Structures are given as C-alpha cells and as structure tokens.
Amino acid sequence: VYLQNPRGSNNRLDETTSNRKNNNRLFDSQNNNKGGYNTGDRLSGEFRDKPERQYAMNYYASGAKSTEKSKLEIEWTNQHGCNNNKLDCNIVIQYMCMNNGTDDDYPDSSSSSEEAVLKRVFYIRDGVDTGTQKHKEADKNESEKYVCFSLYLFHNVLFSSPLSLSLPLSLAIYLSVFRKYEDRMERNFKDVDRKEGLHETVWWYDRCRYQEANGGLFTADQDLDKDRVGYVTASRTRQNPNGGQSGYECPEERDYYPYWSDTLQADYFKDDKDKFQRTPWIDLAWLGDRSRCSYIQKESFNRKSRFRCVGEGERDYAREINEKDCEKEGGKWVEFISFLEILEDAKSESECNKLKSKQGYNYISWRRLRSDSDTKKCVVQAPTPKCGEAPSTRVNHLGNAEDSHTNSRFSAELPYFPSLKSKRCVLRLRYNISTLDYDPLKTFAKSNDDDDVIENDPEIDFLGNGQEFELALNTAQTGRTFQDRSHAFVVLPREKSMEGKNILNLNVRGKRGNIVQVFPATEYDFVPNTLVVDRDDDLVHIQWTGSNSHDNNNDGDDGEGKGGTDRSNLLQLKDNDLGNSYPVLKLSDTKMFDGVKSLTHPDASEEDIAVGLATAGFYCGKKRYDTCPKEYSMERKRSLNDKLDEAPASYFGHVLKFSQKGTYNYLCTRNNNFSNRSQKGTIIVK
C-alpha cells in the first residue's frame, strides 16, 4: 500500500536511487523497495545533513466547534484489492503526535546530558541518516522468573542458612536484576541516534520485546522462535516469525487491530518525559465491512481503556498479558487510558471543567491516567474513530478505486488540541488483508499446524495419477499487514481570523519522472484536483512539498527543469478553460483571486497572492508588505529560471478566503506537459 497524499515515505529519506536504502528504517511496510517519496526540502537544494532544511507540511488544526473542521484528503493505492469477494480487507488510519516546540528543540547533540538524551529519545523526526535505531534487548537474567528465583533464594537462605554468608549474596542477586534493567535502558536511551529517524520510542520497543506474545493467535504452521528472555515475545508474529526489527515498531501491535494492550510511548510522570506529551497511536478511521463498525468504535483505545501488567522496580511493564498470570507472578494489573494531550495548565477539576465547556469535539475530563496513581490530570481524549466502507478496488492493481476518477480516498478531519499548541505528528495507514480460505475472525491458535485449515505450498493430485500441482501459498502471508507512513508534519493552532470556518487543504501529490519511472508513486497532480468551496463557511490552504533528490540514479527522471527536483506552481488557465495548455498571459488577467483575502498574510494584495503561487514562493509578492520583505518581493530584481529551478521545492502558501462565486481552473506551468503528464485543478466556489 502506498500513501500518495500526504506523501508516504515507504521508509525513504533522501535517496537519489529509485529503490529505498533501508526497508526497516522506521517501520515494516511489506512494500516494494521502489515506492515512496523523499522527505521534503525547504529550499532549492538538498537538505543533506541539516534537518532545519527539511520541510514538514504545516496543517492548521480543527477548531473547537463543528463548523471549524480542518479537512485533509488522504489518498492511497493498494495492490491486492479491497471491498471485493476475493479477500477480507480493512484500512486503519492512525496518527501519533508530540509537542512540536521549535527548530531549536530538534535533537542537536550526542551528549549524555539528560536534556539531550530525552530529546533524542522522544522527538518525532525523519532524520538525516537512513540507518535503523539501535536496541539492546533483555535476556533471561531480567525475566520475572529470575526475579522469583532470586526471591526464593533470598527467603531460603534467610531461614535455613547463616545470614552472615548467604544473605548479602542473595540480596545482591535480587537487586542486580533491577540494576540490569536500569543500566541496559540507560544505555538504550543514550544510544538513540539524533541523525536517524524516529516514530515510536525505544521504551515502547523494549516493552514489545519483553511482553510475551498473545498465545491465542492463529499462526498457521509458522514457527515463532523464542527471544533472549527465554519465551516468545510480541516482537514475533506469523508475518514476522524471526522477530526482525523495523524502527521501534512493535510487530504484534502492527499486525493486529484493535490491539488488546495500550500503545503508550513512555511511562508518563517519570523524569521529564511528560513535557514531550508523546501520544499513543490515535485512531482516525477504520474502513472495511460496515457491520463491524459498532465493535471497532467501541474497542478503540481512543476511549476504551486498556490493562497492562506492571512489574516491580523501574520497569513499567511485565511479561504477562492477562490479569491472572500477572498477579500470580507478583505484578499489578493496571488500567491505562489514551490521551490526545494533557492540559497541564489546568491545576484543578474546576479549571478543567471550564475548558471542557468551551468545546465539544474531544472528551475532556479530570481523571487519573493510570489506576495505580493518585494523581489526576486534565485529560483530553480524541473522538471515536470514523468508521465506514472501504473503497472498492480490484486485485493486482495500483490505481483508481472503482466508480471513481481518483485513487482510494478518505476525507479526514485533523484533530483539535485545546492547549492551542503546535504538534509534531506522523500518520500511518495500514492495509490488512486475509485469505477467505478460512474465517479470519474465527480462526485462532487451536487451528495452528492444522493442514485442513491451511498449509504452506500444498500439493493436489487433481489428475489422480500422482502428478501433483503445487499451490503458491505462504502461510506467513495469508494474513498480512501492509503499511505506509507520512513524513513528520506539523499541526498548527488556528489564527483568530480562522474562527468559525472550515479549512480545506489543497496539496500536490507525485514526484519527478514519467509514469513508469515513478511507479508505484504517481506523477504530479493537485489533491483534491476538484475542490468545492463554500464561500461563507470554508477557507482554502494551498500548500505543497517536494524534494531535490528524486533523480532515480540511472533509472530515469523525465521532467522539466533541473534533474531530480520537484517543483510546483499555480496559475489560472487561459480563458479559464480546463482544456487549455496555456495559463493567463499576464498577471493582470488573473481573475481567480479577485476579492480573495489571505488570512496568513493579511497585508498581501490579490496580485501578491497570485505572484507567490505562480513563483512557488520565490517571490513572496509583487511588492513588499508586512510579512514580505523587499528582498524577497519582485521589487528586487532577482532572477527566476523559467523552469522554477531556483524556487523552493516546498511552499507554505496561503490560507485564502474566497468571496466571489465561480469555477476557477488552473495548472502548473512546469509539470503540465500535454501527452506526457497533466497537472491541472479546479476550484468551484459556491
């Protein structure tokens, strides 16, 4: 599965080759190496080793009211079909966020200071290196069984041996178990590399490699090996039987939904981790069989709490995944809730209730984050996820959905954060498919190794003469999760001028090359390429991002302008005719911005807006204005190449308020190339 908007990474960073370098950089996509888009560049050159030169898409958040939605068209292609009678399929869309801060908060040091380490451990980033983060896993000496043995030894020598000889030794063994964990995790924290990308945290991954696997799952005839702790952990699944590492993703949580445990990324309240406010995975939408919607929405961690076994010492997790075994081994069965954010400024229930009364989008309450704590916080929980039918697509096809002129799409509503702080986020889309040779919802561990259910590469004697046909069946793939994720993006708090309005995001998908060279990505287009705007209720944020390293090495990068570079711009079409290949020939002939106001640059004139979009931000306007210095306006005679080579690859653009009814057709002058590729769009203002 490949995210087309927002641009999916498929684990790419800045590769100049058609294939990605590391298919396990941040997550396990199960996709072809050729898919995905590079991280956006802020300027006209490659970011190289400077993260401040990367461009993260900036979307404005939804507001507190139902009339203040920020809408983002999520677009993807999935190869094996969905919503047909050949397989069971569903699409899960989620996001994870943290307090964004500023560029100064980006990890910039490899030192061992607490502040530097915590930045490296928790800051969501694309990174500047294609390596995979390190992790040192636990061994048998850290398991609860070893703790119990130490306690038994301690008790035995206490009552049957000379204290002077045995007590100090057994006590030291007992204490060393906890020291081993603390020392190992201190090393794991310090080893997180500031240059490498990071989504989930090392704390979450360590928990995954310590928590035992769910033994009730159907694994067919796949052999799940034990980990170093001496048992099979959540790092091993039917799809990932060898326990391979992909970023800090937990394979069991990736492969199963709804997941039975929480997806919290840190032990909140300890050290300074709470200041990062790392959310768990927040469910945005589930698309599949509508008959399951009630169950899916009820079971979502957005609102339904989860329980986890908490062991002794500093480790905030244990091996056991059910209450009976947890208590048997001396652990605590603790209830945890999900959160979108914690409103730390609200110091009391009354202050929290005041914030609650001002909005109805999320659920706000004064409560404990975990059942073993007496501390209460003002907790914001996300709405229940949207649920609906998955787009219908045919198998063996990476193209448009049936009865549609577009790829599979979901119109998402971006979250509302009552703190009014900017957030740094990542979005993931999971494409879950299962064969219909058995009922995937009713087949469990008791059917493991049962060839009557399914087996690897079975042979059938169809002719009855001993000459058999072999079926291509891999039981590690008869239930399979494909995945793609966006690059890091930022969700901004709304400006006061945006109150009471919906924000419609208008972006660009695609990358440099012809249709064969970019596949399974796409060529350039606007998303959505037809946008309907209510002039009274809606605002439009026009923004795009691109890379300067999409040159595919020797595999070809057909296109205009400098090789390897993405560029886009927006000009109204001549005669406002969608069939034209010419834009209006003079700035003064542009009519689509008549009466239009920019809410992000309120001093910009209609011509300033047109100039900014036409030059991809190379000129911020025709003339200087409050947020457009003279040196970046047309008043300074800087030279702009006719192919936009000197223009930045990414452009924040404008949030616009249209006031005049009409249909406005536009194009990109660089990429629209009749009979090769079309980059045109339409805005219909009602």
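Residues numbered from 1 in each chain as written. Predicted model: local features only at pLDDT ≥ 70, side-chain atom pairs only at ≥ 80, totals over all residues. Heavy atoms only, no water.

Trainee: It is not clear to me how the packing of aromatic side chains should be interpreted in this structure. Could you clarify?
Mentor: Aromatic ring pairs are described here by two measures, namely the spacing of the ring centres and the angle between the planes. One pass over the structure, following the stated rule, counts 18 aromatic pairs. Geometrically, the ring pair formed by Y59 and F489 is edge-to-face, given 5.6 Å between the ring centres and 70° between the ring planes. With Y59 in strand β4 (residues 58–60) and F489 in strand β19 (residues 489–492), the pair connects residues that are 430 residues apart, well separated along the chain. With respect to burial, Y59 and F489 carry one shared label: buried. Of the aromatic side chains, those joined through ring pairs into one cluster are Y181, W203, Y210 and Y317. (Phe/Tyr/Trp six-rings, centres within 6.5 Å; stacked < 30°, edge-to-face > 60°. Helix = DSSP H or I, 4+ residues; strand = E, 2+ residues; numbered from the N terminus. Buried < 20%, exposed > 50% of the residue type's maximum accessible area, 1.4 Å probe, protein only.)

Trainee: Is there a simple way to think about the nonpolar core in this case?
Mentor: Among soluble globular proteins, nonpolar side chains are generally buried collectively. Counting 41 residues, the largest nonpolar core has I74, W76, I93, L429 and Y431 as its most contacted members. Breaking this core down by element, the ones donating at least two residues are β5 (70–77), β6 (88–99), β7 (282–288), β12 (376–381), β14 (408–413), β15 (423–434) and β19. Contact partners of I74, with chain neighbours within four places excluded, come to L3, N5, P6, I93, L284, S408, R409, F410, A412, L427 and L429. (Core = buried A, V, L, I, M, F, W, Y, C linked by side-chain atoms within 4.5 Å. Contact = heavy atoms within 4.5 Å.)

Trainee: Is there a simple way to explain a negative patch on the surface in this structure?
Mentor: Taken together, E52, D103, D104, D108, E114 and E115 make up a surface patch of like negative charges. For E52, the position within the fold is in the loop between β2 (40–41) and β3 (54–55). Assessed through its relative accessible area of 44%, E52 is described here as partly exposed. (Patch = residues over 30% accessible without salt bridge, like charges linked within 9 Å, V, L, I, M, F, W, Y side chains within 5 Å. Areas by Shrake-Rupley, 256 points an atom, 1.4 Å probe, with all protein chains shown as cover. Salt bridge = Lys/Arg side-chain N within 4 Å of Asp/Glu carboxyl O. Lys, Arg positive; Asp, Glu negative; His and termini not counted. Charge placed at Lys NZ, Arg CZ, Asp CG, Glu CD.)

Trainee: Which parts of the structure should I look at to understand unusual backbone geometry?
Mentor: Glycine aside, a negative phi is what most residues show, and trans is what most peptide bonds show. Between F519 and the following residue, P520, the backbone shows a cis peptide bond with an omega angle of 10°. Here P520 lies in the loop between α9 (515–518) and β21 (525–527). Cis peptide bonds are those with omega within 30 degrees of zero, and the linkage from V527 to P528 qualifies with -10°. Following the sequence through the fold, P528 ends up in the loop between β21 and β22 (530–533). Phi is positive for D403, close to 55°, though the residue is something other than glycine. Positionally, D403 belongs in the loop between β13 (386–389) and β14. Unlike most non-glycine residues, D457 shows phi in positive territory, near 40°. With respect to the helices and strands, the residue D457 is situated in the loop between β15 and β16 (459–460). Relative accessible area serves as the criterion here: at 37%, D457 is assigned to the partly exposed category.

Trainee: Where do I start with the sheet that holds strand β10 (residues 341–342) in this structure?
Mentor: With respect to topology, three strands assemble into an open sheet ordered β10-β12-β11, the strand pairing being antiparallel. Because the sheet does not close on itself, it has two edges, and the strands there are β10 and β11 (363–368). Pairing of β10 with β12 involves two bridges; the strand directions are antiparallel. Bridged to E341 within β12 is V380. Across the sheet, helix α8 (residues 349–357) lies against β11 and β12, angled at about 165° from β11, the strand it touches most. (Pairing = 2+ DSSP bridges. Axes fitted to C-alpha atoms, helices over the stretch in contact; angles between N-to-C directions.)

These results come straight from atomic positions and should not be treated as a statement about function.
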